[in-house]
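Remarks on the overall topology
Listed here are the chains, written in short residue letters.
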Number of protein chains: 2
Amino acid sequence: MAEQGGFVPIRRLTVFGVGLIGGSLTLALKAAGAVVEVTGVGRSLSSLKLAREHGLIDRMTDNAAEALEGAEVVMLAMPVGQMDSVMRAIAPHLRPGMLVTDAGSTKQDVVSLMRQHLGAHLRDCVPGHPVAGAELSGPLAARADLYQRRNVVLTPLAESDPAGVQRIAAMWRQCGAQVRSMTAAEHDAIFAAVSHLPHLLAYALVDMIAARDNAGQLFDFAASGFRDFTRIAGSSPEMWRDIALANREALLAELDAYLAQVGQLRAALQRGDGAALEATFAQARSARQDWLDRLR
Amino acid sequence: MAEQGGFVPIRRLTVFGVGLIGGSLTLALKAAGAVVEVTGVGRSLSSLKLAREHGLIDRMTDNAAEALEGAEVVMLAMPVGQMDSVMRAIAPHLRPGMLVTDAGSTKQDVVSLMRQHLGAHLRDCVPGHPVAGAELSGPLAARADLYQRRNVVLTPLAESDPAGVQRIAAMWRQCGAQVRSMTAAEHDAIFAAVSHLPHLLAYALVDMIAARDNAGQLFDFAASGFRDFTRIAGSSPEMWRDIALANREALLAELDAYLAQVGQLRAALQRGDGAALEATFAQARSARQDWLDRLR
């Protein structure tokens, strides 16, 4: 998806959920001169006011009809758990050519909700996932450079108008992102392995240790390796509940594959097979090093 | 173990293995004026020369008898896999009052080797474990501040002379470390949970992904959460093979406890129990946050 010519600024962008993800998008687009006016929509009035004070949005509302008036692009950037109710609310107010995209971490569930609620509007739907860290949250965490050199995955529908997909891809490139395209099922399988599974594993380890009688002593001796391994267990429980449930089948499959892998390591350890342990550890280190080298 | 009065500098310190761990100790002691002369011993002549050029050691040798001549403290800081042969080599040359300590990541195995090879000398043995990160290795990675505010765990033997234990504890405090004392079995159980298990889990995840047909694509979409979760899978395969084998029983027990914990999460996911998932995630996040708050 190479950029074709100059980017015509988005006349009006409506963002549902002006937190880290939505707010960083609007800041990046404003910094690039790629948007004329931004309307913010959300459940929390104080959060929207903060977003307006900090220049993330120009207008605010909690009314779907008002929010969509004259919108060229509608970004759904609230927690995935609110996708259903927000789509229901916007459906009657969508007009042909009004592009609807989202920033959800799982895609098959979003596609299924689009088919359920926005059936008459699928031509203008472009499901997406900006792959950017989210340890902090809320409008004050938003940064214009959050998407620089980050991946944004678009998972267009069979019905999606290619011109609309190109428009959303170009919007993300204005934020410095690399845009990739695949099916929603491919997306969910990939992220089950490299994101959703590690989150589950990190939560499980911290929870196991926290439940011990000597938890205080255990944490006392945990060092930087433990801190980094469990960093993702600091993520939002609500958000990760939604992601786990939304991508349940793929996550269960990855979890079972992982349990089989750990089972092999356990067997090697049990029989004192140092060569097998070292071979596994060495393969892992080398694969990880190759990956880091490619990132540079 | 509070410091009693001023620290009398160590007249001669002999360090087997002048890498990150041993070299950082000598740099820290030299910076504190807490050592007069350091002899480095190792398998690699080029590595020892490098250590001498950079002021980590004053003298070097590959001969055990020569190395121990006049030594007040003998630090075993080479990989745990060499513990057996080094102890065998030094045993004939130890003199009463010559303190022998180590920096191994596991303690029951070191204690057992001390009992096997240094039986006549247990009064002067003080097993220890400086808990400091080791992503880099070798003499050039050594830093005088590596042990600042880090834990050093000593696991004295029943036979250890309390004065010798105090001397080694005081030596570590000269490096800025906090010294803690416990049995070797307690030590190994704690580190199985907060260090050895996470290493095994991280290696297993990277290895699983690296073995996939679409490994390149999976790594392409791995983000910072994956990078941090798997950082410890960049550790030395040889070292972690030795640690896993040395602490096999405790590690197997922690692995089984973890598999049971993950099994519960898997069951909650399977039945779509969002409340159970969220409760587990929230407990983990809150326990981790409390831990980080205490660290500050």
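Residues numbered from 1 in each chain as written. Chains lettered and ligands numbered in written order. Predicted model: local features only at pLDDT ≥ 70, side-chain atom pairs only at ≥ 80, totals over all residues.

Before going further, it helps to spend a moment on the overall build of chain A. A tally of regular secondary structure across chain A gives 12 helices and 9 strands. Relative to its length of 296 residues, chain A is compact, with a C-alpha radius of gyration of 21 Å against a globular reference of 19 Å. Its C-alpha atoms give chain A principal-axis dimensions of about 70 × 40 × 35 Å. The contacts in chain A between residues at least 6 apart in sequence include a share of 78% that link residues at least 24 apart. (Helix = DSSP H or I, 4+ residues; strand = E, 2+ residues; numbered from the N terminus. Rg over C-alpha atoms; globule rule 2.2 N^0.38 Å. Contact = placed C-beta atoms within 7 Å.)

What holds strands together in a sheet is hydrogen bonding between their backbones, with the strands either parallel or antiparallel. All names here are of chain A. Taken in spatial order, the 3 strands make up an open sheet running 7-8-9, and their pairing is mixed. In the strand order of this sheet, the two ends are held by strand 7 (128-130) and strand 9 (178-181), each with one partner. Averaged over all pairs of adjacent strands, the angle between their axes in this sheet comes to 20°, without regard to strand direction. Bridge count between strand 8 (residues 151-154) and strand 9: 4 bridges; the pairing is parallel. Its bridge partner being in strand 9, Val153 is matched across the sheet by Arg180. (Pairing = 2+ DSSP bridges. Axes fitted to C-alpha atoms, helices over the stretch in contact; angles between N-to-C directions.)

In this section: the relation of the copies chain B and chain A. Placing chain B over chain A gives an RMSD of 0.0 Å and needs a rotation angle of 180°, together with 0.0 Å of translation along the axis. The operation mapping one copy onto its partner corresponds to a two-fold rotation axis. Proximity to the rotation axis, assessed at the C-alpha, singles out B:Phe229 in chain B; its C-alpha lies 1.9 Å from the axis. Both copies share a contact surface, since 100% of the interface residues of chain B are interface residues in chain A too. (Least-squares fit on C-alpha atoms with pLDDT ≥ 70 in both.)

Now for the interface of chain B and chain A. Opposite the 68 residues of chain B that make contact, chain A presents 68 residues. Elements supplying a minimum of two residues to the side of chain B that touches chain A: helix 7 (184-210), helix 8 (215-221), helix 9 (224-229), helix 10 (237-246), helix 11 (248-270) and helix 12 (274-295) of chain B. Partitioned by chemical class, the residues of the side of chain B that touches chain A number 43 nonpolar, 15 polar and 10 charged. (Nonpolar A, V, L, I, M, F, W, Y, C, P; charged D, E, K, R; others polar.)

Here we take up the sheet that holds strand 4 (residues 73-76) of chain B. Residue and element names in this part refer to chain B. Reading across the sheet, the 6 strands line up as 3-2-1-4-5-6 and stay open at both edges, with parallel pairing between neighbours. Two strands lie at the open edges of the sheet, namely strand 3 (59-61) and strand 6 (125-126), each paired on one side alone. The sheet contact formed by strand 1 (residues 10-16) and strand 2 (residues 35-41) spans 6 bridges and is parallel. When the bridges of strand 2 are listed, Arg12 appears paired with Glu37. Packed on one face of the sheet, helix 1 (residues 20-31) meets strand 1, strand 2 and strand 4 and runs near 165° to strand 1.

Before going further, it helps to examine unusual backbone geometry. All names here are of chain A. A positive phi angle, near 60°, is found at Arg149, a position not held by glycine. Inspection of the secondary structure puts Arg149 in the loop between strand 7 and strand 8. Under the C-beta neighbour-count criterion, Arg149 is labelled exposed, with 9 such atoms within 10 Å. (Buried ≥ 20, exposed ≤ 12 C-beta atoms within 10 Å, placed from the backbone.)

Moving on, we come to the nonpolar core. A:Val15, A:Met75, B:Val15 and B:Met75 are the most contacted members of the largest nonpolar core, which has 204 residues in total. Filtering out sequence-adjacent residues up to four positions away, A:Val15 remains in contact with A:Gly22, A:Leu25, A:Thr26, A:Val38, A:Gly40, A:Val41, A:Ile57, A:Met75 and A:Ala77. (Core = buried A, V, L, I, M, F, W, Y, C linked by C-beta atoms within 7 Å.)

We now examine helix 4 (residues 83-90) of chain A. All names here are of chain A. For helix 4, the set of buried residues is Met83, Val86, Met87 and Ile90. The arc enclosing the buried residues of helix 4, seen along the axis, measures out at 100°, which places them on a common side. Of the surrounding elements, those touching the buried residues of helix 4 are strand 1 (10-16), helix 3 (64-68), strand 4 (73-76) and helix 5 (108-117). (Arc of directions from axis to C-beta.)

Let us look at the pairing of strand 4 of chain B. Residue and element names in this part refer to chain B. Side-chain alternation along strand 4 places Val73 and Met75 on one buried face and Val74 and Leu76 on a second face that is also buried. Both strand 1 and strand 4 contribute to a ladder of 4 bridges, which runs parallel. Bridge pairing in strand 4 places Leu13 opposite Val73. Examined bridge by bridge, strand 4 and strand 5 (residues 99-102) share 4 bridges and lie parallel to one another. Bridged to Leu76 within strand 5 is Asp102. Following the chain from strand 4 across helix 4 (residues 83-90) to the adjacent parallel strand 5, one finds a crossover that is right-handed. (Right-handed = clockwise from strand over helix to strand, strands pointing away.)

With that settled, consider the environment of A:Ala170. Examined against the element boundaries, A:Ala170 turns out to sit in helix 6 (residues 162-174). Note: C-alpha distance between A:Ala170 and A:Leu245 (75 residues apart in sequence) is 31 Å.

Before going further, it helps to examine the packing of helix 4 of chain A against helix 5 of chain A. Residues and elements named next belong to chain A. Where helix 4 meets helix 5, the axes come as close as 10 Å, and the angle between the chain directions of the two elements is 30°. What the angle tells us is that helix 4 and helix 5 run roughly parallel. Regarding helix 4 and helix 5, the two cross each other, and that crossing is right-handed. Taken together, the residues of helix 5 that come into contact with helix 4 (itself represented by Met83, Asp84, Met87 and Arg88) are Val110, Leu113, Met114 and His117. Residues of the contact of helix 4 with helix 5, tallied by class, amount to 5 nonpolar, 1 polar and 2 charged. (Parallel < 35°, antiparallel > 145°, perpendicular 65-115°, else oblique. Left-handed = near helix turned anticlockwise from the far one by under 90°.)

Let's shift gears to the confidence of the model for chain A. This prediction gives chain A a mean pLDDT of 94; 97% of its residues lie at or above 70. Scored as a whole, the predicted complex attains pTM 0.90, and scored at its interfaces, ipTM 0.90. (pLDDT = per-residue confidence, 0-100.)

Looking now at helix 7 of chain B. All names here are of chain B. The terminal C-alpha atoms of helix 7 lie 36 Å apart, and with 27 residues this matches the ideal 39 Å at 1.5 Å per residue to within 8%. Helix geometry: helix 7 is bent most strongly at Ala192, by close to 55°. Counting buried positions along helix 7 gives 25 out of 27 residues, so the element sits mostly inside the fold. (Expected span 1.5 Å × (residues − 1). Bend = angle between axes of the 7 residues up to and from the residue.)

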